[in-house]
Amino acid sequence: MTKTEEMVKALTEHTYGTWRRQEGWKTPLFIKDAEGVYIYDEKNRPILDFSSQLMCSNLGHKNKVIIEAIVKQAEKMPYISPGFACEIRAKATAALLTVLPKGLDQIFYSTSGTEANEAAMKITRQYMFPNFKVISRYHSYHGATAVGVSLTGDTRRFYAERARCTVPGIVFAPDVYCYRCPFGLKYPDCNIQCVEYLDYMIKEEGNVAAIFIEPVVGTNGKLVPPKEYLPRLKEICDENGILLIADEVMSGWYRTGPAWALDNWNVKPDILTTAKGCSAAYAPVGVTATTKKIKDHFEDKVMCHGHTYAMHPLVLAAIPAAIAEYKKLMASGLPKKVSKHMEKKLSELKKRHECIGDVRGIGHFWALELVKNRKTREPFNVKADKFTTKPIMTDKVAAAALKKGLYIVSWYDHLCVAPPLIITEKQVDEGIAVLDEVLKIGDQNAD
Ligand SMILES: Cc1ncc(COP(=O)(O)O)c(C=O)c1O
């Protein structure tokens, strides 16, 4: 057994692999190093990171500015209870306020996207009492714990429900998914039925406190809404006196172009949650930002929520450094230029591969939805296949890509193209060349 094999064995024999049967947690690829847009295996083979790991390493790997900021804070004061004030807490908050939408200037810090959503839910239900129902959508992922997974539309909720690990009071709405419209309609003749139906739902349900959305749906499809959808949704929320909660855990931090996906449509939510790109994945951070009106509600009431590691100094140290790096990168114009190039290259890829049913996305956030039959849109796999033992075509394609030096995240129906924002056109072409090869697997199985 090589040293690497020994390490893999030592790890897998004593840890749980996430979101999988444990029999599938035996031989994960060993990663020795990571720099820029590449990760390296034990033989120093470069693997292009085409999904920013879990759509979080937005600034690539080994960014020196962020690393130094964390190291400095570790030397100065790695931990102090959230009950104290300290310099990095003031600095991180000031930095965040330069990026957060105006008016969302009251922050609760945690250490993950799940926790950011958990806090949003608790704040909402206390603030909106006695209204408690929350509307979510089927194509969504909002986190792993009881609240997060209850808000989730994908199959992870099915498993949590069976284990009796969900919370009540969440109802699901149809998606804004033009390629497979749940109403069988076509944009623009549809009159955006998917958003108008939400108004109907709110009124018919009663006791609704909020609607929880990913402004551009991430894991479950990179679903970009038509331009009318989000402005109309905000109007519907206001008319019905309910909160709009934007989960920008994955869609935030310049992933779609501007800082927040909602900025693409000039919509402001009542609560915004984020994580992942907030530290560019250099430290585990969660942020729940609300209006002052919401915070004022708790002036004489207990905001009954908190964590030992809320406002953790090492985590917060990454935030101002990452924000400075984002601002510099965006000012360089590189991401804007590369995203256009990526869009063009992905559309060309569709022309060459029969198995690509739909190419959709925005900025550095794209889906290649694979289908068995392009005409009928018959899919290779459906939602219910996820986590079963049934082979999944996108997984096959992604596994072949990894062998050829390309890391790409697969979901049951699509491949996720979401590279770090520092990627160059040449590196995009490198990834596209591998996809060109491995998509043949899908083509061979298409009708
Ligand atoms: C939109 C969205 N919300 C919440 C989460 C949960 O974040 P975390 O995995 O940091 O708990 C994710 C994770 O992928 C996500 O994509």
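Quick caveat, the model's predicted, so the values are computed rather than measured.

## Describing the overall build of the chain
Piece 1. From N to C terminus, the chain includes 14 helices and 16 strands.
Piece 2. Over its C-alpha trace the chain gives a radius of gyration of 22 Å, about what one expects of a compact globule, namely 22 Å for 447 residues.
Piece 3. The dimensions of the chain, computed from C-alpha atoms along their principal axes, are 65 × 60 × 45 Å.
Piece 4. When the 447 residues of the chain are sorted by exposure, 54% land in the buried category.
Piece 5. Pairs at least 24 residues apart make up 72% of the contacts formed inside the chain by residues separated by at least 6 positions.
Piece 6. Looking at the chain as shown, the accessible area adds up to about 20,000 Å², and 56% of this sits on carbon and sulfur atoms.

## Remarks on the pairing of strand β6 (residues 170–173)
Piece 1. Side-chain alternation along β6 places Ile170 and Phe172 on one buried face and Val171 and Ala173 on a second face that is also buried.
Piece 2. Bridging between strand β5 (residues 133–137) and β6 involves four bridges; their strand directions are parallel. Residue Ser136 lies in a different strand from β6, and its bridge partner there is Phe172.

## Quick notes on the pattern of salt bridges
For side chains of opposite charge, pairing can occur when their charged atoms come near one another.
Piece 1. For the structure shown, the criterion picks out 27 salt bridges.
Piece 2. Ionic pairing is found between Glu87 and Lys91, a salt bridge with its closest N-O pair at 3.4 Å. Note that Glu87 and Lys91 are positioned in helix α4 (residues 87–97) at a spacing of four residues, about one turn of the helix.
Piece 3. On the accessibility criterion, Glu87 (44% relative accessible area) is partly exposed.

## Describing the site of the ligand
Piece 1. Taken together, the residues surrounding the ligand are Ser112, Gly113, Thr114, Asn117, Tyr141, His142, Gly143, Glu214, Asp247, Val249, Met250 and Lys276.
Piece 2. For the ligand, an oxygen atom lies 2.9 Å from a polar atom in the backbone of Gly113.
Piece 3. In the complex, 83% of the free accessible area of the ligand, which totals 390 Å², lies under the protein chains.
Piece 4. In terms of residue count, helix α5 (residues 113–127) provides more of the shell around the ligand than any other element does, three residues in total.

## Quick notes on unusual backbone geometry
Piece 1. In this structure, Pro130 follows Phe129 across a cis peptide bond, with omega equal to 10°.
Piece 2. Structurally, the position occupied by Pro130 is in the loop between α5 and β5.
Piece 3. Going from Tyr187 to Pro188, the amide bond is cis rather than trans, its omega being 5°.
Piece 4. Within the element layout of this structure, Pro188 appears in the loop between β6 and α8 (193–205).
Piece 5. Within the chain, Arg164 stands out as a residue other than glycine whose phi angle is a positive 55°.
Piece 6. Among the secondary structure elements, Arg164 is positioned in the loop between α7 (155–162) and β6.
Piece 7. Of note, the phi angle at Arg377 is positive, near 65°, even though the residue is not glycine.
Piece 8. Secondary-structure assignment places Arg377 in the loop between β12 (365–373) and β13 (378–379).

## A look at the domain arrangement of the chain
Piece 1. Here the domain parsing of the chain yields domain 1 (3–62 + 333–445) and domain 2 (64–329).
Piece 2. Taking the mean C-alpha position of each, domain 1 and domain 2 sit 25 Å from one another.
Piece 3. Between domain 1 and domain 2, the contact holds 44 residues from the first and 43 residues from the second.
Piece 4. At the boundary of domain 1 with domain 2, total buried surface from both sides reaches about 3,400 Å², with 60% on carbon and sulfur atoms.
Piece 5. Of all residues in domain 1, the largest losses of buried area upon contact with domain 2 belong to Leu59, Phe365 and Lys383, amounting jointly to 21% of the total for that side.
Piece 6. Seen at the junction of domain 1 and domain 2, the total is one salt bridge.
Piece 7. Taken together, domain 1 and domain 2 are joined by 21 residue pairs in polar contact (both at pLDDT 80 or more).
Piece 8. Along the lines of polarity and charge, the residues of the side of domain 1 that touches domain 2 split into 23 nonpolar, twelve polar and nine charged.

## Structural notes on helix α11 (residues 313–332)
Piece 1. With 20 residues, α11 should cover 28 Å at 1.5 Å per step; its first-to-last C-alpha distance of 30 Å lies within 8% of that length.
Piece 2. Looking at α11, one finds that the buried residues are Pro313, Val315, Leu316, Ala317, Ala318, Ile319, Ala321, Ala322, Ile323, Glu325, Tyr326 and Leu329.
Piece 3. For α11, the elements touching its buried residues are α3 (64–76), α4, β4 (106–110) and α12 (334–352).
Piece 4. Positive phi appears at Gly333, one or two residues downstream of α11, with a value of about 80°.

## What to know about the nonpolar core
Piece 1. With 38 residues, the main nonpolar core has Ile135, Leu198, Ile211, Tyr229, Leu230 and Leu233 as its most contacted residues.
Piece 2. Of all the secondary structure elements, the ones that give two or more residues to this core are β6, α8, β7 (208–213), α9 (229–240) and β8 (243–247).
Piece 3. Both of domain 1 (3–62 + 333–445) and domain 2 (64–329) provide at least three residues apiece to this core.
Piece 4. Not counting chain neighbours up to four residues away, the residues in contact with Leu198 comprise Ile135, Ala173, Ile211, Tyr229 and Leu233.
Piece 5. Counting residues in each nonpolar core, the second largest holds 34 residues, with Leu59, Ala92, Val99 and Ala321 among its members.

## Thoughts on the sheet that holds strand β14 (residues 406–407)
Piece 1. Taken together, four strands build an open sheet; the order of strands is β1-β2-β3-β14 and the sheet is mixed. Only two strands of the sheet have a single partner each, and these edge strands are β1 (31–35) and β14.
Piece 2. Summarising the sheet, strand β2 (residues 38–41) and strand β3 (residues 46–49) pair through three bridges and their orientation is antiparallel. By the bridge assignment for β3, Ile39 is matched with Ile47.

Definitions and cut-offs
- Residues numbered from 1 in each chain as written.
- Predicted model: local features only at pLDDT ≥ 70, side-chain atom pairs only at ≥ 80, totals over all residues.
- Heavy atoms only, no water.
- Helix = DSSP H or I, 4+ residues; strand = E, 2+ residues; numbered from the N terminus.
- Rg over C-alpha atoms; globule rule 2.2 N^0.38 Å.
- Buried < 20%, exposed > 50% of the residue type's maximum accessible area, 1.4 Å probe, protein only.
- Contact = heavy atoms within 4.5 Å.
- Areas by Shrake-Rupley, 256 points an atom, 1.4 Å probe, with all protein chains shown as cover.
- Pairing = 2+ DSSP bridges.
- Salt bridge = Lys/Arg side-chain N within 4 Å of Asp/Glu carboxyl O.
- Near = heavy atom within 4 Å.
- Polar contact = N/O pair within 3.5 Å; in protein donor to acceptor, adjacent residues only side chain to side chain.
- Domains from an automatic or database assignment.
- Buried area = accessible area lost by both parts, 1.4 Å probe.
- Nonpolar A, V, L, I, M, F, W, Y, C, P; charged D, E, K, R; others polar.
- Expected span 1.5 Å × (residues − 1).
- Core = buried A, V, L, I, M, F, W, Y, C linked by side-chain atoms within 4.5 Å.

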